[in-house]
Every structure is written in C-alpha cells, then in structure tokens.
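Chain and residue survey
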Amino acid sequence: MAAPTDAAPSPKLHTRLRLWEFADRYLFEPVDGLADLLLSVSRTNGSMNLVEQLPPRGPSTNPKVRIVFGVMGVLKLAAGSYCLVITDRDCVGSYMGHAVFKVTGLKVLPCHTASTAEQKKMDKEFSELLDAAERSIGLYFSYETNLTLTLQRLYDLGDKFKALPLWKQAEPRFLWNGYLLEPLIENKLDQYLLPVIQGNFQNIHAEVKSEKVNVTMIARRCTRRIGTRCWRRGADPEGNAANFVESEQIMQSKGFTASYVQVRGSMPFLWEQIVDLTYKPSFDVVRVEEAARVLERHFHDLQKRYGAVVAIDLVNSSGAEGRLYKRYEQSIEPILSEDIRFIHFDFHKICGHIHFERLSQLYDQIEDYLKKHKYFLLNDEGKKTEEQTGTVRTNCIDCLDRTNVTQSMVGRKILESQLQRLGVLGANDTISNYPAFDADYKVLWANHGDAISTQYSGTPALKGDFVRYGKRTTQGIFNDLWNALARYYLNNFADGTKQDTMDLIQGHYVSSVSRDIAVPGKPGPLESFRVALALVLCAAMFMMISLRQARNDLRHLGVALVWAVLCIGITQYVKKNGRKFCNRPRFFLSRN
C-alpha cells in the first residue's frame, strides 16, 4: 500500500484508558492526554461510536472502573459480540528506540444479551472458548512502531509509508488480531487500532572489547495456518505452512544496525498426523497428486518476500519421517535452481542426542550461500550498505527442537560475521571467547525456541539445554522426558479446544445468522477417555480382589476371568477407537 505524497503523521495510539462499565455500555476514556473523545461500545449489540463525555452518574449508578492499556479488537458472532481488552502489560525492551510491551492480562467483555435458551447455550459454548483466549500467550505490541515488518522491509518502504496508521502498515500474515480489528477499522477508530503479534521479543546488551553490542530477537508467528502441534501440520492448498515463524536477529554496535531473517515452517505439502492415543500417531500424506503444486506455491511466496531460499530438512531418512522426507524431496525437485536449494540433513543420525557440534557439517554446506546472500546493514548515517537477498528455511517434524538448535547455529555464524566486519571481533574471533556475551546469547536463542514451542506444542523446546548451555546435560535430558510426556497429554486431551479457540479468534470459523451456527457438542460419556480408564481400573481392581479370594474358593477364579476379559476388552476398544477418546476440534474445518 503506497502512502499519499502529502501524508501527515498518523495520530498516536492511546496508551492508557479508563474503562467504565455501565449497565448499557462500556466507555473507554483516554487518560494519556491524546484526545478528549471517549469510545462507547454497546453492551446490547456491540455497536461503537465516539462520545464527548461520560453519562450523568447518580446514586443509583455505580459503574465498575478499571485501567486498561488497549483494545485488542471485537469478535462478532451470531451468539453476540465480544470485546477483548488488554488489562495488563510488561515493558520487555525497545525496538529501534521504541518501547515494546508483552500482554500479561487479557479480558473478554461480552457485548450482547442472551435471552432464549438456545442463545444462552450458544453463549456458554463460546464463552468457554473465549476464556481460553484470555490465556493466549506470547502477544507483543508497540504503540509507536511496526513490529510486523522486518527492518529491511521497513527501510525499503520509506518514511511516507511509516506515516500511515500502524494498522495500515501491518503485514497481515503476522497481525495476530487482524480479524478482531475489522469492526474498529469499519468505524475509523485509528487511535484505538493496536496491532499485536504473537511470537517472542527479547533484547540483550553486552560489552565486547569496550564496544557496546545490543542484540534483539523477534519471532513473528504467521496466522494463516495457525494452530496446535498435531491439529495443524503441513500446508493448506494455498501453500501456507503450519507453524510458520519469521525470526529476525538485529544487532546494533558502533552506530551500525544489522539484521538477519530466517524462517521455519512445516513441510509445505498436504499431510496430517491425527492424534489417536498412540505416542507417535502415523503421518499421512493427503492428496499426493497436489504435493508439487502446493509446495511450488509456498516457495514462490517465499521468493517473492525473501529472495533466494535454501530449504534445510532435518527429519530422519528412514521410518515414518523418512516417508515425508522422500515426498518433500520428490516434490521440490522440479523447482530446484540457483535460487532454490534443498539440503537434507538427518539430524538424529548425524548428531544423535549429544553431538550437536556436528552441525558444523551442515554449516559447511550452506556457508557459500550465506556469504552470497548476506544480511541487511545500515551504516552509522542510517544508509543501507548491504541487503539480505535470500533466507534459510528450516524444518524438522514439529519445526521446534531440531529446528531451533539449527537456527541458533546459523544466527551465531551471521552475528560473528557482522561483528568481525565492524571490527568489534577480530578476523578469527568468535562469540565463545567472551563468556558473559556468549552465555547471554545462548539464553536469547533458548528463550526464543521455548516461546515458539510453547505456543505450538504447549511445552518448552526439547534439546533446549544445548542451545542454553552449549552442551547436553542430565537435567536437560530429564526435562526433555517430562516435556515429551506433557506434549503427549496436551496433544491428546487439551489441544482440540485450544485449536477451536485459535480458529475462532483468527476468523477461520465464522458464525453468522445465515448458517448453522450451533457449536458441535462435546463427546458423550462412552467416548470419554476418563470413563474408559476408570472402568479399566475398576475391572483390574475387582479382578485382583477375586484372585485373592480364589485362595479360599476356586469359584472366584471364574469371576476373576470375567473381570480380566472386561479389562482387556475395554483396553482393546479404546486402542482401536483411539481418535474418539481424544480432545478433537469441534468446529467443522477442512483438515487441509
């Protein structure tokens, strides 16, 4: 979107609001001195308008009052409208001189009245999902600058573009509340339109040879195929990959600013892994004949946005992962060129569980590519002297654990080359020679991986001890075991509801009065894993009791046998029908 030639600076966003909860409406009163008009939101139908003053308050009027820090947006459903507001925030650092905040408190305000029994039932269903939305993690925003675009992209768009309101500058792929902002955009409420990203934001500050070095890491999570680990795999028919994250590493020193961008994302063709109570559900490629077309769309989009691409595939060469690797390799082969390279690196076979230093073998294969396509660099006068013309796309199965270890290696090599170019490091110097800086940098990437992993899988990243400490530790191995078990539980018994919440917030499930908007019911008692488990345990307990009593009366052996058959039968039924016992998304959505 081009800015008009006479573009004036956009109005500043409200940073602090007093929320008045009246019986018929919510009133947002700016208390930051930026404007006198108040935003009024009806509690009956969610309609919005600006008013000049608060309504009269008498003895019978006792509105609840609180301070909020922004309006996240409005979700319009057939059941009614809901307004999401930021009730708490933490300043987590600065981005090019502008404060960046993390959302630490969210509140959903209902803006409707449920009168009929059907409406109340529907409202209860959606309210349960929106309660989960209040627990959304990894949300970041700035009142003053655009977090959705890389530094290079912002620089190329120029000052006129930056004069636009922040929501108009935002990259739709990374605008977490884009769908929620639509009602505010329709009402032209620019001062309330606060863009939010999901991902991660961190700063570290170090001193190397008396030179100050600041490093910032930003993760931007794409919303187009957003979801949970096992309910969003592969890509959709348009080529949008699951767990697609853009990671930007920014370095500032001696007045120079450098940026490097790399991405991660699920293997970009149609495949799925439906949970069924097994520890590792099988991988299934869907519509094999479309794999090459979908993959080509994905890489065409990457080229348009980042230039050249080297795709690093870290999955196993054999077994279930091997089948996906072979499909990936076959599908990408027709589009390989100077600008699209494919490297398969069997991480587990080469590095095992402890020899991650062997990643140097992978670096040897991409070193020429990294040097050719460089990084973005601004000199001490703010002029562009270098441009990044290609990116590294990394994936494993989840694009979490092996991926983060690999991306941290690439980020380290790029940072060292930048610091060597500026003379902060010597020609053969490395970050490892500066223990304090090295430790902070490892933690930066470990936290980066944990944040992305928690948003996708529900737990911190595995193998995080290597990223954090540079080696595998006994405690790290035990943490990985615990997190693996936690992932199993969440994948099977919690992520379906979480997936529904994400789809609702992103507008992937739209309820309207012109369609069947009933939320599918929850599984019945016979489909409940807890009921089945309780029956198995009861059967096992009665079997043991009968066996003990059989010492005095052999007839109890028959009773024990009956309980044993029941126990085995229920277990086999659960095993055969595992998918029925899992927490599945209830909204009707195409799997791909």
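Residue indices follow the written sequence of each chain, beginning from 1 at its first position. Per-residue local features of the predicted model are confined to residues with pLDDT of at least 70, and side-chain atom pairs are confined, for both listing and counting, to 80 or more; whole-chain, interface and lining totals are unaffected and use all residues. Only hydrogens and water are set aside when side-chain values are computed; all heavy atoms of the structure are taken into account.

**Notes on the packing of helix α9 (residues 401-422) against helix α10 (residues 435-457)**
Filter applied, for reference: Note on geometry: axes are C-alpha line fits, over the in-contact stretch for helices, and angles between N-to-C directions span 0 to 180 degrees. Helix and strand assignments come from DSSP, with helices taken as H or I runs of at least 4 residues and strands as E runs of at least 2, each series counted from the N terminus. By convention the crossing between two helices is left-handed if the near helix lies anticlockwise of the far one by an angle smaller than a right angle, and right-handed if it lies clockwise. Any two residues whose heavy atoms approach within 4.5 Å at even a single point are treated as in contact.
Close contact between α9 and α10 brings their axes to 10 Å; oriented N to C, the two are set at 140 degrees. Once α9 is placed against α10, the crossing between them reads as right-handed. Contact residues: α9 offers Asp-401, Asn-404, Gln-407, Ser-408, Gly-411, Arg-412, Leu-415 and Leu-419, while α10 offers Phe-437, Asp-438, Tyr-441, Lys-442, Trp-445, His-448, Gly-449 and Ser-453.

**Re a nonpolar patch on the surface**
Our working rule: Patch criteria: residues need more than 30% relative accessible area and no salt bridge. Like-charged residues are merged within 9 Å; nonpolar side chains of Val, Leu, Ile, Met, Phe, Trp and Tyr are merged within 5 Å. Using a 1.4 Å probe, the Shrake-Rupley method yields the accessible areas, and only the shown protein chains count as cover for residues. Whenever a carboxyl oxygen of Asp or Glu lies within 4 Å of a side-chain nitrogen of Lys or Arg, that contact is scored as a salt bridge. Here's how the labels work: a residue is buried when its accessible area is under 20% of the maximum for its type, exposed when over 50%, partly exposed in between, all with a 1.4 Å probe on protein chains only.
There is a patch of nonpolar side chains on the surface, built from Met-544, Leu-547, Leu-554 and Leu-557 and spanning about 400 Å² of accessible area. What makes Leu-547 partly exposed here is its relative accessible area of 38%.

**Examining the sheet that holds strand β3 (residues 38-42)**
Defined as follows: Strands were regarded as paired on the criterion that DSSP finds at least two bridges between them.
Pairing is antiparallel in the open sheet, where five strands are placed in the order β4-β3-β2-β1-β5. The outermost strands of the open sheet, each flanked by one partner alone, are β4 (48-51) and β5 (64-68). In this sheet, neighbouring strand axes are inclined to one another by 25 degrees on average, regardless of whether the strands run parallel or antiparallel. As defined by bridge partners, strand β1 (residues 17-21) adjoins β5 across five bridges and the pair is classed as antiparallel. Paired with Leu-19 across the bridge in β5 is Arg-66.

**What about the confidence of the model for the protein?**
In plain terms, the rule: Confidence of the predictor in every single residue is expressed as pLDDT, which spans 0 to 100.
Per-residue pLDDT for the protein averages 88, and the proportion of residues at 70 or more is 94%. Scored below 50 in pLDDT, residues 512-520 makes 18 contacts in the model with residues more than four places away or belonging to other chains. Under a pLDDT of 50 for its full length, residues 588-592 has, in the predicted model, 17 contacts with residues more than four places off or in other chains.

**Some points on the pairing of strand β20 (residues 390-395)**
The element β20 is largely enclosed, with a buried count of six among its six residues. Burial along β20 is two-sided: the face carrying Gly-390, Val-392 and Thr-394 and the face carrying Thr-391, Arg-393 and Asn-395 are both buried. Where strand β13 (residues 256-264) meets β20, two bridges bridge the pair, whose relative direction is parallel. Looking at the pairing, Arg-264 lines up with Thr-394 of β20. Note that strand β16 (residues 308-313) and β20 share six bridges and pair parallel. When the sheet's bridge partners are listed, Asp-313 is paired in β20 with Asn-395.

**Structural notes on the packing of helix α1 (residues 117-133) against helix α13 (residues 495-505)**
Angle between the axes and distance between the axes: these two values describe a pair of packed helices. Rules: With respect to orientation, any angle under 35 degrees is reported as roughly parallel, any angle over 145 as roughly antiparallel, any angle of 65 to 115 as roughly perpendicular, and every other angle as oblique. The nonpolar class holds Ala, Val, Leu, Ile, Met, Phe, Trp, Tyr, Cys and Pro. Asp, Glu, Lys and Arg form the charged class, and all remaining residues, Gly among them, are polar.
Following both chains from N to C, one finds α1 and α13 inclined at 90 degrees, their axes separated by 9 Å at the closest point. Here α1 is positioned roughly perpendicular relative to α13, judged by the angle of their axes. Of the residues in α13, those touching α1 at Phe-126, Leu-129, Leu-130, Ala-132 and Ala-133 are Thr-497, Asp-500, Thr-501, Leu-504 and Ile-505. Here the residues of the contact of α1 with α13 are counted per class, giving seven nonpolar, two polar and one charged.

**Quick word on the side chain of Asp-276**
For clarity, the cut-off: Polar contact is the term for a pair of N or O atoms within 3.5 Å; when the atoms are in protein, one must be able to donate a hydrogen and the other to accept it, and sequence-neighboring residues count only if both atoms are side-chain atoms.
Tracing the chain through its elements places Asp-276 in the loop between β14 (271-272) and β15 (284-285). Polar contacts involving the side chain of Asp-276 include one to the side chain of Thr-278, which spans 2.5 Å. When residues no more than four places from it in sequence are discounted, the contact partners of Asp-276 are Pro-281, Asn-492, Gly-578, Arg-579 and Cys-582.

**Structural notes on the packing of aromatic side chains**
Our working rule: Two aromatic rings, drawn from Phe, Tyr or Trp (for Trp, its six-membered ring), form a pair once their centres lie within 6.5 Å of each other, and the interplanar angle then sorts them: stacked below 30 degrees, edge-to-face above 60, tilted otherwise. Charge-over-ring contacts are defined here by two conditions on Lys NZ or Arg CZ: a distance within 6 Å of the ring centre and an angle within 35 degrees of the ring normal.
With the rule as written, the count across this model stands at 12 aromatic pairs. With a centroid separation of 6.4 Å and 80 degrees between ring planes, the pair formed by Tyr-95 and Phe-201 is classed as edge-to-face. Note that Tyr-95 is positioned in strand β7 (residues 80-95) and Phe-201 in strand β10 (residues 197-208), a separation of 106 residues in sequence. Across this residue pair, the class does not change: Tyr-95 and Phe-201 are buried. Grouped by ring-pair contacts, the aromatic residues Phe-101, Phe-141 and Tyr-143 constitute a single cluster. Cation over ring: Arg-89 sits above Phe-101, and NZ or CZ is 4.6 Å from the ring centre.

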